[in-house]
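# Structural description and commentary
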Amino acid sequence: MQAHYDLSDEFFSLFLDPSMTYSCAKFDKPDLSLEEAQRAKIDHTLKKCELQPGCRLLDVGCGWGSTALRANELYNAHVVALTLSRNQYEYAQRLASGRPGIEFRLQGWEEFDEKVDRIVSIGAMEHFGVAKYAAFFERCHRLLPDHGILVLHLITLGKPTNSFTFFRFAHFLSMKIFPNGFVPPPEVVIERARAGSFELVHAESLRNDYARTLDCWLDNLVKNQQRAAAITSEANVSMYMKYLAGCARYFRSGEVNVHQFKLRKI
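For the structure given in this document, a descriptive report is provided here. As the structure is a computational prediction, the values presented were derived from the model and not from experiment.

The subject of this paragraph is the pattern of salt bridges. Counted by the stated rule, this structure contains 14 salt bridges. Note that Lys 262 and Glu 50 form a salt bridge whose closest N and O atoms lie 2.7 Å from each other. Of this pair, Lys 262 sits in strand β7 (residues 256-265) while Glu 50 sits in the loop between α3 (34-48) and β1 (56-60); the two residues are 212 residues apart in sequence, bridging distant segments of the chain. The exposure class of Glu 50 is partly exposed, given its relative accessible area of 33%. The closest approach of N and O atoms between Asp 215 and Arg 252, which form a salt bridge, is 2.3 Å. Residue Asp 215 is located in helix α9 (residues 207-223), and its partner Arg 252 is located in helix α11 (residues 234-253); the two are separated by 37 residues in the primary sequence.

Dropping the structure here:
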């Protein structure tokens, strides 16, 4: 997984928004910029965490740090944020320099064993593999207090399909973009959460928002195509354009979805 995110910060900056948020935005209004929509998504997600000043928040798969930084800024939360990507870790460390109450770690969730009040994970669970779900929910349950909240944001399977074109595209993603990734049906996430003694409080689809997010990323990459090719290669840029355009198409068709699950420890 980390090989994908360690490709080049400069490359990703050519198509992501200035906050370097690499997940679905939330377009509450039609005229929102990508940056505004990403902030809206982060705020929307953090609101579900029910943070209070001084809460200790664990951010699993923190990316380049936008959610962790916002939680610290907006709620005065004490944030521990985990990533497996050295590029992301070093980038986020620079942003957090001199700010109290926020700590980025180059660490997997399997190695984290400290009590926290809330847990959030945006766009990481797709990389775990279903075989690790039981261990993930068991660890989250152990780290959280009674009635503690876990918020998950992840890509899920959409409507059933027998489309050869869709399966060929999914194979391309698994081989070229996200090796060993696993996109679960939403029912599997809920089932494994229940088995781990979490109750579902709220589930929400942001499918159409992700299609628009991908459109924005693709437009940005097309505009910066020459610079992107100089940083990586023309072949890599073409591969990413195929990835972004294809994902947008299948989010629109409903064959792929993205959900947020608000879960409470019971």
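On we go from here.
Its place among the elements puts Leu 74 in helix α4 (residues 66-75). Looking at Leu 74, the relative accessible area reads 40%, which means it is partly exposed. In sequence terms Leu 74 and Asp 43 are 31 residues apart; their C-alpha atoms lie 8.7 Å from each other.

Here we come to the side chain of Asp 17. In this structure, Asp 17 sits in the loop between α2 (9-13) and α3. At 3.3 Å, the side chain of Asp 17 forms a polar contact with the backbone nitrogen of Thr 21. Apart from the residues lying within four places of it in its own chain, the contact partners of Asp 17 are Leu 34, Glu 35 and Gln 38.

Running from N to C, α3 and α4 point in directions that differ by 65 degrees, and their axes come no closer than 10 Å. Relative to α4, the crossing made by α3 is right-handed. When α3 is examined against α4, the residues Arg 39, Ile 42, Asp 43, Leu 46 and Lys 47 are found in contact with a partner set consisting of Ser 66, Thr 67, Arg 70, Ala 71, Leu 74 and Tyr 75. Its residues placed into classes, the contact of α3 with α4 shows five nonpolar, two polar and four charged.

Calculation criteria
Residues numbered from 1 in each chain as written. Predicted model: local features only at pLDDT ≥ 70, side-chain atom pairs only at ≥ 80, totals over all residues. Heavy atoms only, no water. Salt bridge = Lys/Arg side-chain N within 4 Å of Asp/Glu carboxyl O. Helix = DSSP H or I, 4+ residues; strand = E, 2+ residues; numbered from the N terminus. Buried < 20%, exposed > 50% of the residue type's maximum accessible area, 1.4 Å probe, protein only. Polar contact = N/O pair within 3.5 Å; in protein donor to acceptor, adjacent residues only side chain to side chain. Contact = heavy atoms within 4.5 Å. Axes fitted to C-alpha atoms, helices over the stretch in contact; angles between N-to-C directions. Left-handed = near helix turned anticlockwise from the far one by under 90°. Nonpolar A, V, L, I, M, F, W, Y, C, P; charged D, E, K, R; others polar.

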